[in-house]
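Understanding the architecture of this molecule
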Amino acid sequence: MYGFESGINIKSASEIAIMREAGRLNRMTLEAVKAAIAPGVTTGELNEVAESFQRAHGVYSPFKNYDPGNGVPFPGSICTSINEVLVHGIPGDRKLKEGDIISVDCGTVYQGFVGDAAFTVGVGEISAKAQHLIDVTAKALEIATSLMVIGNRSGDVGAAIEEYVESEGYFCTHTYTGHGVGREMHEDPQLTNYGKRGHGFLLREGMTIAIEPMVLVGTRQTRVLRDRWTVVSKNGALTAHQENTIAVTKNGPLVLTSL
Ligand code: MG
Ligand code: MG
């Protein structure tokens, strides 16, 4: 695995300090969007909240016009993924309804470095089942974060995510993954939401990685809609997503995308 590992960009302490600020601004953007979530609000309006917040703070989202080679540059600054939409929902005219759950994923570029994070919340009153799914996804991220320490392997983290999620009766996608973050939003290595303890890449000081549990009900299978972005659960059941960018430091895991 040496060749793969050698593609990982290790960050210096001063680069991590910049990424911490990128992450803080990213979380502030997400908090502004969260405060605007209510029945009747469109996902396009949420996108405008993010864009105006970022403009006011002199930063921008790397999502806008992001082109992974699928022929359709992403049109929004955030992803808004409602109910069965797991990730990569495009903001637009869809109105939030009481009882929906929505994942908002956002990136922020500050001084050339990226912060990447996402949350899932309910719109108004939601069912106990939907809340449980959200809570499990958040706890999976918490468990994974605690394992982002020097000397652990990526398989330790992925296995812990999947074992916990499955112990609660849900499934993790095997198709979409967490990833390195730095000057690029997506850098090596990938961090899967499954794995084998003692396997995978070694966590080393200065790695900065987005962990993003993506959790489904009744299946791990997904499909992509004709817009080439929107990823939905194959069975149409609810999904949830949480993400933080974490630095591996000698003092333990440092959540870069917190306030
Ligand atoms: Mg990400
Ligand atoms: Mg993200």
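Scroll up to find the structure this text is about.
Here is a short report on the structure shown in this document. (Residues numbered from 1 in each chain as written. Chains lettered and ligands numbered in written order. Predicted model: local features only at pLDDT ≥ 70, side-chain atom pairs only at ≥ 80, totals over all residues. Heavy atoms only, no water.)

1. A closer look at the coordination of the magnesium ion (ligand 2)
Around the magnesium ion (ligand 2), the protein contributes the donor atoms Asp 105 (OD), Asp 105 (OD), Asp 116 (OD) and Glu 243 (OE), which lie 2.0 to 2.6 Å from the metal centre. Sequence spacing of the donor residues for the magnesium ion (ligand 2), all on one chain, is D-x10-D-x126-E. Here the magnesium ion (ligand 2) and the magnesium ion (ligand 1) are spaced 3.1 Å apart, and both take Asp 116 as a donor. One end of the pair, Asp 116, is in strand 4 (residues 113-122); the other, Glu 243, is in the loop between strand 12 (239-241) and strand 13 (244-249), and 127 residues separate them in sequence. According to the relative accessible area criterion, Glu 243 is buried, its value standing at 0%. (Donors = N, O, S within 2.8 Å, 3.2 Å for Na, K, Ca; no water. Helix = DSSP H or I, 4+ residues; strand = E, 2+ residues; numbered from the N terminus. Buried < 20%, exposed > 50% of the residue type's maximum accessible area, 1.4 Å probe, protein only.)

2. Observations concerning the pairing of strand 1 (residues 78-82)
Burial runs high along strand 1: five of the five residues are buried. Pairing of strand 1 with strand 3 (residues 101-110), which is carried by five bridges, proceeds in the antiparallel orientation. The residue of strand 3 that forms the bridge with Ile 78 is Cys 106. (Pairing = 2+ DSSP bridges.)

3. A few points about the nonpolar core
Core analysis: the largest hydrophobic core is formed by 26 residues, its most contacted members being Met 148, Ile 161, Val 165 and Leu 203. Secondary-structure elements contributing two or more residues to this core are helix 4 (128-146), helix 5 (154-167), strand 8 (208-211) and strand 13. Looking at which element gives the most residues to this core, the answer is helix 4, with seven residues. Not counting residues up to four positions away in its chain, the partners in contact with Ile 161 are Ala 140, Ala 144, Cys 172, Asn 193, Ile 211 and Pro 213. (Core = buried A, V, L, I, M, F, W, Y, C linked by side-chain atoms within 4.5 Å. Contact = heavy atoms within 4.5 Å.)

4. A word on the pairing of strand 14 (residues 252-255)
Pairing geometry for strand 13 and strand 14, over four bridges, is antiparallel. Across the sheet, Thr 249 pairs through a bridge with Gly 252, a residue of strand 14. Where strand 13 folds back onto strand 14 in an antiparallel hairpin, the turn is made up of two residues.

5. Some words on the coordination of the magnesium ion (ligand 1)
Binding of the magnesium ion (ligand 1) to the protein goes through Asp 116 (OD), His 179 (NE2), Glu 212 (OE) and Glu 243 (OE), at separations of 2.1 to 2.2 Å. Sequence positions of the donors to the magnesium ion (ligand 1) reduce to the motif D-x62-H-x32-E-x30-E. Taking the relative accessible area as the measure of exposure, His 179 reaches 5% and is therefore buried.

6. Some remarks on the side chain of Glu 212
The residue Glu 212 is located in the loop between strand 8 and strand 9 (214-216) in this model. Summary of buried charges: Glu 212 has no salt-bridge partner, and the nearest side chain of opposite charge, Arg 27, is 11 Å away. (Lys, Arg positive; Asp, Glu negative; His and termini not counted. Salt bridge = Lys/Arg side-chain N within 4 Å of Asp/Glu carboxyl O.)

7. Details of the sheet that holds strand 3
Strands sit in the order 1-3-4 across an open sheet of three strands; the sheet is antiparallel. Because the sheet does not close on itself, it has two edges, and the strands there are strand 1 and strand 4. The sheet shows a mean angle of 10 degrees between the axes of neighbouring strands, taken without regard to direction. Where strand 3 lies against strand 4, ten bridges are found, and the strand directions are antiparallel. Considered in strand 4, the bridge of Ile 101 is made with Gly 122. (Axes fitted to C-alpha atoms, helices over the stretch in contact; angles between N-to-C directions.)

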